[in-house]
Amino acid sequence: MAASTPTNIQRPPLRTSRGNHVRRNMMNILVSVLAIAATALVILPLIRIFIYLLAKGFSSLSWAFFTQQPKPVGMPGGGMENSIVGSAILLLIASVIGVPIGVSAGIFLAEFGRSSKIANAVRFTADVLNGVPSIVMGIAVSALIVLPQKHFSAFAGGVALGIMMIPTITRTTEEMLLLVPSSIREAALGLGLPQWRSVLSITLRSASAGVVTGCMLAFARVAGETAPLLFTAFGSSILSVDLNQPISALPLQIYVYAISPYDEWHRLAWAGALVLIVLIVVSVALVRFFVGRGALKGNR
Amino acid sequence: MVKSKFQEEARLAEPSDISAQIGTSQEPQEARQQVPSPPSAIRTFLNGRGNSKGADSAFRGTMLICALSIFAIVILIATVLILRAHLAMSTFGFGFLTSHLWNPHPPGTPQNDSPDGQFGALPFIYATLVSSFLSLLIAVPLAVGTAIFLTEMCPGFLRGPLAFLTELLAAIPSVVYGLWAVFVLIPLLRDKVNPLLIKGLGWTGLFSGNNTGFGMLAAGVILAIMILPIISSLTREVMSAVPSSQREAALALGATRWEMIRMGVLRNARIGIVGAIILGLGRAIGETMAVTMVIGNKNIISPSLLSSANTMPSLLANEYGEADPGLYLSALVEIGLVLFVVTIIVNAMARLMVWAVTRGAPDAVR
């Protein structure tokens, strides 16, 4: 904006000394150079990280990665089928918990609460909950579910992830609903629709693309979470679909393989990282495509 | 006075009168033949739809409960942590935060119980603070520089893609950063950067000891990369919330572009920028996986940035899984509780600061 403002208007002769003028211009150039350098310093390593991940991941990725179980140490081959299935189950549980609560809370904020005290308090709490470290979430859920049951379970992992989805979904849903013009709400009510019907089938439907992408954003974010699963889902080296048993997950398995000393496992870790990244980048890009920058400020 | 009261009564009575009129006057002859008269088609339809009042308030109530469940979650987390940490809190009191002893199994005690274990959180608090501030030291200038470039200088066609790239950085999972750090960053630090630091700055005592690559410096660098996008995107947000009239005024007074940014933009947005930085600090304090993978995991306090350490989250990630139920577990949960409280305070502060700037801002926020 400011850049387009004409700055080359002829200035009246200044009464200050010429030295001052030169100093100010030098300062201006210096800061511009610094800002450009900072941006380059941020962007270039990022591109390198991405290229490195892609190269490493693609060279390690094979069909076996998706269809085979992990092999014991020392044997070549093997895949992460159990982790992919585990992640899918965990994310399903998380979505079942997180999406309805998150969307409903978002509806309350946008349609009923607006700027009431209670709505502001909910917004604030959601933002703060968003910032609670994921490991603390893991420990709390572990203390709540795993310790009384005395065994790790897929269910506990799903609950931890589901809770983490709620604040992001709440805030993006609210933001998306507020984008719906109030004339549409008024038209629905004017036709005699009850309010619940107007909210669900008019407002929510108009904003559905944004709400869905908001959910995907939350989904993508918890898909990469490891810390909340360490002491809840715990991980497992076999294919399991039992909600009452420990279960493996992609990020957990990447962690285990990354800190292991075996090259074969490192290879699998890179391939897993690539799968995760592709999943996440695609969802973030979708979100951006649908709603632009505003919705992304929920942060991870 | 009297008249207006009368009018009010008339108005109150009106609806029922009208409906009575509709009921009787529409088909008076049929009404006489069949008693009671059938309601009009519209009335039947509306009655068939039922009264939405009950459904509406039920809907509203459900949504409210879901919204309130966010409070419930925070309270539940706090309660669970306090209950589980109670044993350690009553055993050590506030000394827990200032003691540097972390010895779950003193010699001679059974492995599966730890009544005599000594627990102090100081090494972990220290490492958390050092690595977080180190990351801020690296990330803040870069993030603010990037934000200045993207909001004030960047040509329009570059702004979108560059902003998208920095946001992608925020979307990469922590464990992938850890993986990258273990295989790329650590060798780089060990072979290229650390020898230089030891040679050039070894006299300060900050860079001494074993050069393994793992340690607080590595943690600080990876944390910096991870919090950069958050600080940068929030800074961008508060900077674009500054009205352009401020910029125009500064330029009209003959300011150079930097003077315009300094006086017109940064000065107005400073509270929000500080908020963004504090929010980044909150992330850095709580970040677990990447730090666990690069910090080396040693429960010691060392002034050297190259030495291994353990932050609060990395300690939890390493030891919670195998801790004996009892004092050991309770002490770990207390560390989790400390982390919870600290991040809540930090986040609340940061949010209030960001809100102070962006609240009531024009559409430029988006």
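Per chain, residues are indexed from 1 in the order of the written sequence. Chains and ligands are labelled sequentially in the order written, the chains with letters from A and the ligands with numbers from 1. Residues qualify for local features only when their pLDDT is at least 70, as the model is predicted, and side-chain atom pairs are given and counted only at 80 or more; totals for whole chains, interfaces and linings, by contrast, use all residues.

A. Region of the structure containing the overall build of chain B. The numbering of helices and of strands both runs from the N terminus, where a helix is a DSSP run of H or I of at least 4 residues and a strand a run of E of at least 2. Within chain B one finds 14 helices and 2 strands. The buried share of chain B, taken over its 366 residues, is 45%. By definition, residues are in contact whenever their C-beta atoms, placed on the basis of the backbone, come within 7 Å of each other. Within chain B, counting contacts between residues at least 6 apart in sequence, those at least 24 apart form 75% of the total. Here a residue counts as buried when 20 or more other C-beta atoms fall within 10 Å of its C-beta, as exposed when 12 or fewer do, and as partly exposed in between; the C-beta atoms come from the backbone.

B. The overall build of chain A, seen in detail. Tallying secondary structure elements over chain A gives 11 helices and 0 strands in all. Ordering the α and β elements of chain A from the N terminus gives α-α-α-α-α-α-α-α-α-α-α. Counting across all 300 residues of chain A, residues that qualify as buried make up 50%. Within chain A, contacts between residues at least 6 apart in sequence are counted, and of these 74% link residues at least 24 apart.

C. The arrangement of helix α7 (residues 156-171) of chain B in detail. For a helix, the expected span equals 1.5 Å multiplied by the residue count minus one. For α7 of chain B, spanning 16 residues, the distance from its first C-alpha to its last is 24 Å, which sits close to the expected 22 Å at 1.5 Å a residue. If you check which residues of α7 of chain B are buried, you get A163, T166, E167, L169 and A171 of chain B.

D. Structural context of the interface of chain B and chain A. Each side of the interface is counted separately: chain B has 81 residues, and chain A has 82 residues. When residues in the side of chain B that touches chain A are grouped by element, the largest group, 19 residues, is from helix α4 (residues 52-92) of chain B. Among the residues forming the side of chain B that touches chain A, the class breakdown is 50 nonpolar, 19 polar and 12 charged. Under the convention adopted here, Pro, Cys and the residues Ala, Val, Leu, Ile, Met, Phe, Trp and Tyr are nonpolar, Asp, Glu, Lys and Arg are charged, and Gly plus all remaining residues are polar.

E. Quick look at the confidence of the model for chain A. Residue-level confidence of the predictor is summarised by pLDDT, bounded by 0 at the bottom and 100 at the top. Across chain A, the average pLDDT comes to 84, with 90% of residues at 70 or higher. Predicted confidence for residues 293-300 of chain A stays below pLDDT 50, and this span has 23 contacts to residues more than four positions away or in other chains.

F. Structural view of the domain arrangement of chain A. All names here are of chain A. For every domain, the bounds stem from an assignment made automatically or drawn from a database. Once the domains are mapped, chain A shows domain 1 (16-60) and domain 2 (66-298). Taken over C-alpha atoms, the centre of domain 1 sits 34 Å from the centre of domain 2. Partitioned by chemical class, the residues of the side of domain 1 that touches domain 2 number 3 nonpolar, 2 polar and 1 charged.

G. Structural context of unusual backbone geometry. All names here are of chain A. A positive phi is found at K150, a non-glycine position, where the angle reads about 65 degrees. By the element assignment, K150 lies in the loop between α5 (134-149) and α6 (154-179). On the basis of neighbour counts, which here come to 7 C-beta atoms within 10 Å, the residue K150 falls in the exposed class.

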